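Chain by chain, the residues:
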Amino acid sequence: MINTGVAPDHMMIAPILIPIVAGAIMLFYNDRNRQTKLIMGLVAVGLTFLASIELVSDVKSATEQGGTVVGLYRLGDWPVPIGIVLVLDRLSAMMVMLTALLAAPSLIYAAAGWHGKGQHYHSMFQFLLAGVNGSFLTGDLFNLFVFFEVMLAASYGLMLHGSGPERIKAGLHYLAVNLAASLFFLIGVALVYGTTGTLTMADIGRALYWLDDAERVLFHAAAGLLGLAFLIKAASWPLCFWLPPTYAAASPPAAAIMAIMTKVGIYVILRLSLLVLGPDAGPSAGFGAPVLMIGGVLTMGFGMIGILGTPELVRKGGYLAIISSGTVLTAIGFAQAGGGSLMLGGALYYMVGSTAAISAFFLIAEPVSRNDEGDDDAPVEDDGFDPLSERWAPMGLGTVEDTTAPASQRTVSWLTMSICFSLVAAMIAGLPPMPGFIGKLAILRGAIQDNLSTAGYLPMVLWVYAAMLILSGLGALIALMRFGIRRFWAEEGPAPRILALEVVPVVLLLGMIALQTVRADALLGYTRDTARALLEPGVYRKAVLAGAQDVRAAPVSSLAPDPAPAPDEAPEADAAAPETRPQPEPAPAAEMASPETQVNP
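Summary of the structure given here.

### Looking at the overall build of the chain
Of regular secondary structure, the chain possesses 21 helices and six strands. Residue burial in the chain is summarised as follows: out of 601 residues, 59% are buried. Put simply, 82% of the contacts in the chain that link residues at least 6 apart link residues at least 24 apart. Put simply, the chain shows about 22600 Å² of open surface, and 67% of that area lies on carbon and sulfur atoms.

Rendered as structure tokens:
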């Protein structure tokens with residue numbers, strides 16, 4: 001039974017509207033007013049964070065009352081599947097909050113002078129946040145594509161911010177790869193609509209139940225194209241070669257916020273895998289799960305080899321992001337194949353901590369590498385302080401006010417940098433009691449409990465996954481410890497000048513990681529409840545499809561998986577005459593209100 005009620009949840013659209021409005025207003029300001037734009041950006045991020053707290057509180061309180069909540073916001077008050085809907089559940093609320101938490105440190109770091117190396121940095125930053133939050137909250141594939149493109153368009157500008165030959169070279173590569181991914185995405189969306197007649201994610205899961213064999217083959221082809229597009233964005237092997245050079249070439253604050261972009265690809269794969277192709281999808285159940293399991297393990301191996309093989313510290317950050325993606329993708333594959341919720345809950349906990357740690361790593365990598373004698377590509381200081389090396393200088397664009405003057409000249413000691421680097425490295429390597437260790441331990445424990453209770457044994461791919469969890473952490477520890485010993489202990493000479501604005505953001509992210517460690521039980525409980533909700537897609541479908549308008553032959557009242565009709569009920573006659581299928585009752589006016597919240601006890 002679903003209890004419905006109208007709630008004042010216009011807050012659901014706030015994480016999209018706030019950055020869009022803030023970014024648009026900033027365009028009216030001259031680019032010389034960067035300090036004003038910085039303040040406006042921080043205010044917008046703060047408001048977005050407050051909105052995310054309210055959204056998480058809504059879904060969390062409903063769960064504590066014994067139900068699973070799914071919030072629905074109908075833009076224009078048009079019903080599903082005609083209108084545009086935003087859908088809020090535990091997973092999307094968590095990802096919106098994580099985005100806001102990563103945005104503030106990145107903006108503060110940009111005040112060290114990085115936002116002065118090109119035009120409209122703060123507007124592009126806000127538009128990227130709008131695209132990311134929209135991708136997490138949207139309930140249909142077409143608008144996912146729209147928000148996806150908004151996110152990518154802004155990321156192109158942030159990637160090329162500051163210009164320079166190295167950045168342009170990597171940026172063009174990044175642009176070409178993502179345009180190809182967008183093409184696959186669009187073709188996949190067209191095939192999905194052609195076979196199911198809808199693009200609403202919940203409606204696709206229902207319509208899939210009614211496809212015949214020929215249509216199901218086309219749908220699987222569409223799912224393969226969509227999976228290819230999202231695996232490119234998630235940086236899964238062998239589609240991840242673009243990520244290390246791209247993130248290494250981007251400015252540190254841009255790379256720090258772009259760390260969340262790989263998680264957008266992972267989020268969509270997780271959402272569609274369990275909502276549309278989960279264990280209740282009939283003949284399509286588990287489609288693509290082996291690819292996720294095997295590809296995830298290979299991704300972890302590739303990332304481990306890369307981090308051990310590359311000498312440049314900032315490029316190691318790209319391989320760390322690849323390891324993080326592979327870890328979560330493998331857990332998603334097991335969950336889709338029926339592996340249970342405990343393993344997936346641990347992977348979601350790990351994803352939160354690893355994303356924050358990777359963002360902190362990109363922020364600390366550049367100042368730590370400054371004047372590094374062991375790295376030929378490291379930035380070198382001039383007599384006057386400039387955190388940008390000569391190779392990143394703009395190409396003389398006359399319209400750019402090239403001022404790298406930081407908002408504050410306060411500096412910090414080299415000892416402070418070494419402590420921050422050690423803590424970030426410990427988190428990434430998965431040392432106790434960091435969230436990386438807790439997350440991996442929760443994954444392994446969940447994998448053993450879920451598989452032994454169902455199959456009675458552990459499959460070989462699970463043993464390989466467990467080995468890669470340990471080896472990838474060991475590889476990261478060796479690579480970062482080797483750099484740290486050489487950089488902080490072995491090298492002589494004066495330490496580079498490090499601004500406080502370059503350290504405060506790292507400290508903020510380390511505080512977030514520390515809080516995740518202290519409150520590990522509460523957060524792990526949240527992620528496990530999230531995993532259980534994801535493995536019950538019927539709740540999500542019923543919430544979104546309540547009051548839907550039927551625009552196809554299949555009735556709205558059918559929610560996969562429905563039991564197959566008995567032989568004496570002549571199912572072939574029903575299939576031959578779809579127009580005779582029962583049509584749903586018109587939705588009451590109360591159900592058409594926007595927004596609404598659905599709770600399943």
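There's more to say after this.
### What about the environment of L298?
Position of L298 among the secondary structure elements: in helix α12 (residues 289–309). The spacing of L298 and M468 is 170 residues in sequence and 9.1 Å in space, taken between C-alpha atoms.

### Side note on helix α13 (residues 313–336)
Look at α13: 35 Å from first C-alpha to last across 24 residues, which is about the 34 Å you get at 1.5 Å a residue. Note on α13: the residue one or two positions beyond its end, G338, has a positive phi of about 95 degrees.

### Some words on the layout of surface pockets
In this structure, the second largest pocket occupies an estimated 520 Å³ of space. Taken together, 15 residues form the lining of the second largest pocket, with M97, L101, L515, R519 and L523 sitting closest to its centre. The set of elements that each furnish at least two residues to the lining of the second largest pocket consists of α2 (34–64), α3 (90–110), α18 (504–518) and α19 (520–534). Split into classes, the residues belonging to the lining of the second largest pocket amount to 12 nonpolar, one polar and two charged.

### Let's talk about a nonpolar patch on the surface
Together, L17, I20, V21, I25, L27, F28 and Y29 give the surface a local cluster of nonpolar side chains, amounting to about 660 Å² of exposed area. Mapped onto the elements of the fold, I25 is located in helix α1 (residues 14–26). In this structure I25 comes out as partly exposed when scored by relative accessible area, which is 38%.

### Digging into the packing of aromatic side chains
Any aromatic ring pair is given by two values, namely how distant the centres are and how the planes are angled relative to each other. What the rule picks out here adds up to 17 aromatic pairs. Ring geometry for F185 against F230: centres 4.9 Å apart, planes inclined by 70 degrees, an arrangement best described as edge-to-face. In this pair, F185 sits in helix α6 (residues 165–196) while F230 sits in helix α8 (residues 213–234), placing the two residues 45 residues apart along the sequence. Neither F185 nor F230 differs from the other in exposure class; each is buried. When the ring of F241 is compared with that of F302, the centres are 5.2 Å apart and the planes differ by 75 degrees; the resulting orientation is edge-to-face. Highlighted residues: F241 in the loop between α8 and α9 (243–249) and F302 in helix α12, separated in sequence by 61 residues. Taking relative accessible area as the criterion, F241 reaches 48% and is therefore assigned partly exposed. Members of the aromatic cluster, connected to one another through ring pairs, are Y156, Y174, W242, Y247 and F362.

### Describing the environment of L186
Residue position: L186 is located in helix α6. Relative accessible area serves as the criterion here: at 41%, L186 is assigned to the partly exposed category. Measuring from C-alpha to C-alpha, the distance between L186 and L226 comes to 8.2 Å, with 40 residues separating the pair along the chain.

### A few points about the nonpolar core
Counting residues in each nonpolar core, the largest one holds 176 residues, and the members touching the most others are L141 and Y465. If one sorts the elements of this core by residue count, helix α14 (residues 341–369) sits on top with 17 residues. Filtering out sequence-adjacent residues up to four positions away, L141 remains in contact with F185, V189, V192, L199, M201, I204, L226 and L272. Counting five residues, the second largest nonpolar core, distinct from the first, contains Y349, I438, A520 and L524.

### Looking at the packing of helix α15 (residues 414–429) against helix α17 (residues 460–490)
If you want to describe how two helices pack, look at the angle between their axes and the distance between the axes. Look at α15 against α17: their axes get within 9 Å of each other, and the N-to-C directions meet at 170 degrees. As summarised for this structure, α15 and α17 are arranged roughly antiparallel, according to the angle between their axes. Residues W414, M417, S418, F421, A425, I428 and A429 of α15 form the contact with α17, whose participating residues are G473, A476, L477, L480, F483, G484, R487 and F488. Residues belonging to the contact of α15 with α17 are distributed by class as follows: 11 nonpolar, three polar and one charged.

The rules behind the values
- Residue positions are given per chain, counting from 1 as you read along its sequence in written order.
- For this predicted model, a pLDDT threshold of at least 70 governs which residues receive local features, and a threshold of 80 or more governs which side-chain atom pairs are given and counted, while totals over whole chains, interfaces and linings are taken from all residues.
- Excluding hydrogens and water, the side-chain values take into account all heavy atoms of the structure.
- We count a stretch as a helix when DSSP gives it H or I for four or more residues in a row; a strand needs E for two or more, and each element gets its number in order from the N terminus.
- Residue burial is assigned from relative accessible area. The probe radius is 1.4 Å, only protein chains are included, and a residue is buried under 20% of its type maximum, exposed over 50%, and partly exposed in between.
- Note on contacts: a residue pair qualifies if any of its non-hydrogen atoms lie within 4.5 Å across the two residues.
- Computed with the Shrake-Rupley method and a 1.4 Å probe, the accessible areas treat only the protein chains shown as cover for residues.
- Multiply 1.5 Å by the residue count of a helix minus one, and that product is the helix's expected span.
- Definitions used throughout: a 1 Å grid over protein atoms alone; a cavity as a set of points that fits a 1.4 Å probe which cannot get out; a pocket as an open set with protein on both sides within 12 Å along at least five of seven lines; a lining residue as one with an atom within 4 Å of a point.
- Grid points are joined across faces, edges and corners, and a volume is the space filled by probe spheres set on the points.
- Under the scheme applied here, ten amino acids are nonpolar (Ala, Val, Leu, Ile, Met, Phe, Trp, Tyr, Cys and Pro), four are charged (Asp, Glu, Lys and Arg), and all others, including Gly, are polar.
- Residues form patches when they are more than 30% accessible in relative terms and have no salt bridge. Like charges link within 9 Å. Nonpolar side chains (Val, Leu, Ile, Met, Phe, Trp, Tyr) link within 5 Å.
- Salt bridge criterion: a side-chain nitrogen from Lys or Arg within 4 Å of a carboxyl oxygen from Asp or Glu.
- Two rings belonging to Phe, Tyr or Trp (six-membered ring only in the last case) form a pair when the distance between their centres is within 6.5 Å. Interplanar angles under 30 degrees mark stacking, angles over 60 mark edge-to-face geometry, and anything in between is tilted.
- Think of a nonpolar core as a cluster: buried Ala, Val, Leu, Ile, Met, Phe, Trp, Tyr and Cys residues, connected wherever their side-chain atoms sit within 4.5 Å.
- Here an angle of 0 to 180 degrees is reported between the N-to-C directions of two axes, which are lines fitted to C-alpha atoms, with helices fitted over the stretch in contact.
- Convention used here: angles under 35 degrees read as roughly parallel, angles over 145 as roughly antiparallel, angles from 65 to 115 as roughly perpendicular, and any remaining angle as oblique.

Everything listed here is a matter of geometry and, on its own, says nothing about what the molecule does.
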